[in-house]
Amino acid sequence: MIGLISATSAGAAARDRLAAAWPDRTRVYEGPVGEAVRAAFAECEQLVCFLATGAVVRLLAPLLGDKTADPGVVCVDEGGRFAVSLVGGHRGGANALAGEVGGLLGAEPVVTTATDAVGLAALDTLGLPYEGAVAAVSRALLDGEPVALAAEVAWPLPPLPFSAEGAYTVRLTDRAVEPAEREVLLRPPSLVVGVGASRGAPAEEVLGLIGEALRDAGLAAGSVAELATVDAKAAEPGLVAAAGRLGVPLVTYSAEELAAVEVPNPSDAPLAAVGTPSVAEAAALAAGGELLVPKRKSERADGRPAMATCAVVRRPGRGRLAVVGLGPGARDLLTPRAAAELRRASVLVGLDQYVDQIRDLLRPGTRVLESGLGAEEERARTAVAEARRGHAVALIGSGDAGVYAMASPALAEASDDIDVVGVPGVTAALAAGAVLGAPLGHDHVSISLSDLHTPWEVIERRVRAAAEADLVVTFYNPRSRGRDWQLPKALGILAGHRDPATPVGVVRNASRPDESSRVTTLAGLDPATVDMMTVVTVGNTATRTVAGRMVTPRGYRWQESAR
C-alpha cells in the first residue's frame, strides 16, 4: 500500500489525482502531517509526501531504521514539478515509484542513486537473492574498476560492465558457499525440490527434510525456485505451509505426467496411493534438469515411519529473447516497454542503422552485435544462439518487429528451450496513416512489393485479391533502384477496379525529421518519386479527400442518415 500525505490544498489536489488513479494501491492519511507520516511509515510499503523535502527529512529522521526494511519514500513539491526519490530507492522501490508518479502527474522524476544516475543495473535490483559486499562491488563498477563475473549457472542477467578478471567478483551460484571479502553472490532460482508427503505430514518435517537435503548437497536455499508435487497433494496443508515459509510456489503435476518421467528410484507405495511410481523425483524432474539429490526420506525422532520425501533438481537456465519493435523512427514513438527491454538486455542484435537510433538507451556493459542490410537470417540465428547460451537478448527491428521484420525469422529458428517475448511497435503503415489523415478507417491490407523473398506471381495474386475486395492497400518496399517496375504494375492492377481519382497517400520517412508527405490520386502518382523509405497508401472506392486529408469512412449507419 502507498500512503499519501499532504499539507496544503495544492498538495491535496495532486494527492487526490494519485488516489483516483490508483484506488487499490493508495491510502490517504489526513490530520496533522507529523502524525500522518508516522502512521503511514508504520503501515505502508511506500509513501508519497506532497511536502518540502526538508520537512519530510525532519519528519522521517527519527523513524528510519534499516534500509532493507524501511518503506520507499517519494517527495513531490507542491507545484507538481518534481517527484524526488528520497528514501529506499532500490529496496523500497522509491526510484521506480518516482517514475510512476512523475508520469501520472507530469512531474520530473529525480533519482540520485549512483547506479541509476549512470545507467547501471544495481546488484540489489536484479530480482535475485544476494549476499556479500554489495556496496563495495557496486562502487567498483561505478569507478570503472575491473569486476569479474563467475557464472557457475547460466542465467539471463541485465547488462553490467564485467571484465574477464578483477579484484572484485560477482558470482552467480546456487552452491552453499560464503562470499569472499570483495565478492557478491547472486542466487539464481535454479533448484526445484520435488516433495511427496503422507496425509497430515507436518510442515516442520517437510522443511527439515528439505533443509537437510540442501545442506548435505552443498546447495543454497536461496536458489530454490519452487516445490513440486502431484496434483493429489496440491492442498496438503504441510506442503502448502512449507512452500509459503520458503516463499516459493507449490507446482503440481498429474499422476499421468509424473508416471511418464523416468526416475532412478520408483516405488510401489506412491503408485498405490496416488497412481505414479514416483512423486518427489518425478516432480523435480518434470520440467527437465539434472538430479542433484535422489529421493530421500525424512527421519522422525520418535522412530515412526517417515511422512515426507524430497529430491532436488538443478534446472537449466533459460535464456530470454525479446523481439523489439522500435517504431517508425521518432523517439517519442518508441514505447516505454520497448525502452525497458533495451535496458534489460545484456546482448543487443540488430541492423546497424537501427542500433544507431537507440544506442544512447543501452546500459553500460551491453554487448552489441550489429550487421548490415541483407543479413536478416544471420541476425535471427545469432539472437537465438545467444539466448540459448543463457543471455538476455534483444533483437530489434523497425516499426513492429512482427511486420516485415525480425520476429518471423527469429521465431522460426527458436524452439521451446528459451523464453520469447514480443514487444509491439508502431508500424510504418500506422505512422503514415496518421500523417495522411484516416486512410485505414475501414478494412485494409499491407502488401510488400519486394520480390526478394516472395515470387512476384504471389505478390500479384495478392494485389488482385485486394483490388477485387475493395480494400485500402498500403504498399511496403514499393520501389528501389533495382526494382522499378513492380509499383507501376501493382498500381495498374488497382486501376482496373478503382476510379483514377482515388486518393493515394505518399509518406517518406514517417515521423522522422525529414518526413515528407503528399496526397495525390491513382492517376496522378508518379512511381519515380517513390523509394524504399516511402509508404504508399491507396484508398478504396469510398476513400475521400477532406481538407487535404485522406479519409476512409467507417461505414456507420448514422453517417448515412446524417448526409
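In what follows, the structure referred to is the one given above.
### A look at the overall build of the chain
Now for step 1: Secondary structure summary: the chain contains 19 helices and 28 strands in total.
Now for step 2: For the chain, the spread of C-alpha atoms along the principal axes amounts to about 95 × 65 × 60 Å.
Now for step 3: Per-residue burial over the chain gives 46% buried out of 563 residues.
Now for step 4: A separation threshold of at least 6 residues defines the contact pool for the chain, and within that pool the share at least 24 residues apart is 65%.
Now for step 5: Accessible surface, the chain as shown: approximately 26200 Å² in total, 51% of it carbon and sulfur.

### Observations regarding helix H2 (residues 33-43)
Now for step 1: Residues of H2 that are buried: Gly34, Ala36, Val37, Ala40 and Phe41. Projection of H2 onto a plane perpendicular to its axis shows the buried side chains occupying an angular sector of 160°, all on one side.
Now for step 2: Elements in contact with the buried residues of H2: strand S1 (2-6), strand S2 (26-29), strand S3 (46-50) and helix H3 (53-60).

### Focus on helix H7 (residues 203-217)
The α-helix advances 3.6 residues per turn, and as a result positions three or four apart in sequence lie on the same side.
Now for step 1: Helix length check: H7, at 15 residues, gives a terminal C-alpha distance of 21 Å against a target of 21 Å (1.5 Å per residue), a fit within 8%.
Now for step 2: Among the residues of H7, those classed as buried are Ala203, Glu205, Val206, Leu207, Leu209, Ile210, Gly211, Ala213 and Leu214.
Now for step 3: Tucked inside the fold, the buried residues of H7 contact strand S11 (191-197), strand S12 (224-230), helix H8 (237-246), strand S14 (290-297) and strand S15 (308-314).
Now for step 4: Downstream of H7 by a residue or two, Gly218 has a phi angle that is positive, lying close to 70°.

### Quick look at the pairing of strand S22 (residues 444-448)
Now for step 1: Where S22 and strand S23 (residues 472-476) come together, five bridges link them in parallel fashion. Directly across from Ser448, in S23, lies its bridge partner Tyr476.

### With respect to the nonpolar core
Now for step 1: Counting 23 residues, the largest nonpolar core has Val193, Val195, Ile210, Leu214, Leu227 and Val312 as the members making the most contacts within it.
Now for step 2: The set of elements that each furnish at least two residues to this core consists of S11, H7, S12, H8 and S15.
Now for step 3: In terms of residues, this core owes the most to one element, H7, which gives six residues.
Now for step 4: Those residues in contact with Val195, other than ones at most four positions away along the chain, are Ile210, Leu227, Ala228, Thr229, Leu239, Val279, Ala280, Thr309 and Cys310.
Now for step 5: In terms of nonpolar packing, the next biggest core, distinct from the first, is built from 21 residues, Trp456, Ala466, Val504 and Val536 among them.

### Things to note about the pairing of strand S4 (residues 72-76)
Now for step 1: Of all five residues in S4, five are buried, a share of seventy percent or more.
Now for step 2: By the alternation rule, side chains of S4 split into Gly72, Val74 and Val76 and Val73 and Cys75, which are all buried.
Now for step 3: Pairing between S3 and S4: four bridges, direction parallel. Residue pairing across strands places Val48 opposite Val74, the latter belonging to S4.

### A few points about the environment of Val551
Now for step 1: Relative to the helices and strands, Val551 is located in strand S28 (residues 549-551).
Now for step 2: The exposure class of Val551 is partly exposed, given its relative accessible area of 29%.
Now for step 3: Residues Val551 and Gly441 lie 110 residues apart in sequence; the distance between their C-alpha atoms is 7.1 Å.
Now for step 4: Apart from the residues within four sequence positions on either side, Val551 is in contact with Ala438, Ala542, Thr543, Arg544 and Val546.

### A closer look at the packing of H7 against H8
Now for step 1: H8 packs onto H7 with a crossing angle of 55° between their chain directions and a minimal axis gap of 8 Å. The orientation of H7 with respect to H8, classified from their angle, is oblique. For the crossing formed where H7 meets H8, the hand is right-handed. Contacts from Ala203, Glu204, Val206, Leu207 and Ile210 of H7 reach H8 at Gly238, Leu239, Ala241, Ala242, Arg245 and Leu246.
Now for step 2: Of the residues in the contact of H7 with H8, the class split is eight nonpolar, one polar and two charged.

### Focus on the environment of Gly200
Now for step 1: Structurally, Gly200 is set in the loop between S11 and H7.
Now for step 2: For Gly200 and Glu236, which are 36 residues apart along the polypeptide, the C-alpha to C-alpha distance reads 7.3 Å.
Now for step 3: Contacts of Gly200, omitting those with residues within four sequence positions, involve Glu236 and Met307.

### Concerning the side chain of Lys233
Now for step 1: Note on placement: Lys233 falls in the loop between S12 and H8.
Now for step 2: Here the side chain of Lys233 touches Ala197 through a polar contact of 3.0 Å, landing on its backbone oxygen.
Now for step 3: Those residues in contact with Lys233 that lie beyond four places of it in its chain are Ala197, Ser198, Arg199, Leu239 and Leu250.

### Section: the packing of aromatic side chains
Now for step 1: For the structure shown, the criterion picks out two aromatic pairs.
Now for step 2: For the ring pair Tyr404 and Tyr476, a centre distance of 4.7 Å and an interplane angle of 50° mean the geometry is tilted. In this pair, Tyr404 sits in the loop between strand S19 (392-397) and helix H15 (407-413) while Tyr476 sits in strand S23, placing the two residues 72 residues apart along the sequence.
Now for step 3: For Tyr404, a relative accessible area of 44% translates into the label partly exposed.
Now for step 4: Overall, Tyr476 belongs to the buried group, its relative accessible area being 11%.
Now for step 5: When the ring of Trp456 is compared with that of Trp485, the centres are 5.1 Å apart and the planes differ by 70°; the resulting orientation is edge-to-face.

Parameters at a glance
Residues numbered from 1 in each chain as written. Predicted model: local features only at pLDDT ≥ 70, side-chain atom pairs only at ≥ 80, totals over all residues. Heavy atoms only, no water. Helix = DSSP H or I, 4+ residues; strand = E, 2+ residues; numbered from the N terminus. Buried < 20%, exposed > 50% of the residue type's maximum accessible area, 1.4 Å probe, protein only. Contact = heavy atoms within 4.5 Å. Areas by Shrake-Rupley, 256 points an atom, 1.4 Å probe, with all protein chains shown as cover. Arc of directions from axis to C-beta. Expected span 1.5 Å × (residues − 1). Pairing = 2+ DSSP bridges. Core = buried A, V, L, I, M, F, W, Y, C linked by side-chain atoms within 4.5 Å. Axes fitted to C-alpha atoms, helices over the stretch in contact; angles between N-to-C directions. Parallel < 35°, antiparallel > 145°, perpendicular 65-115°, else oblique. Left-handed = near helix turned anticlockwise from the far one by under 90°. Nonpolar A, V, L, I, M, F, W, Y, C, P; charged D, E, K, R; others polar. Polar contact = N/O pair within 3.5 Å; in protein donor to acceptor, adjacent residues only side chain to side chain. Phe/Tyr/Trp six-rings, centres within 6.5 Å; stacked < 30°, edge-to-face > 60°.

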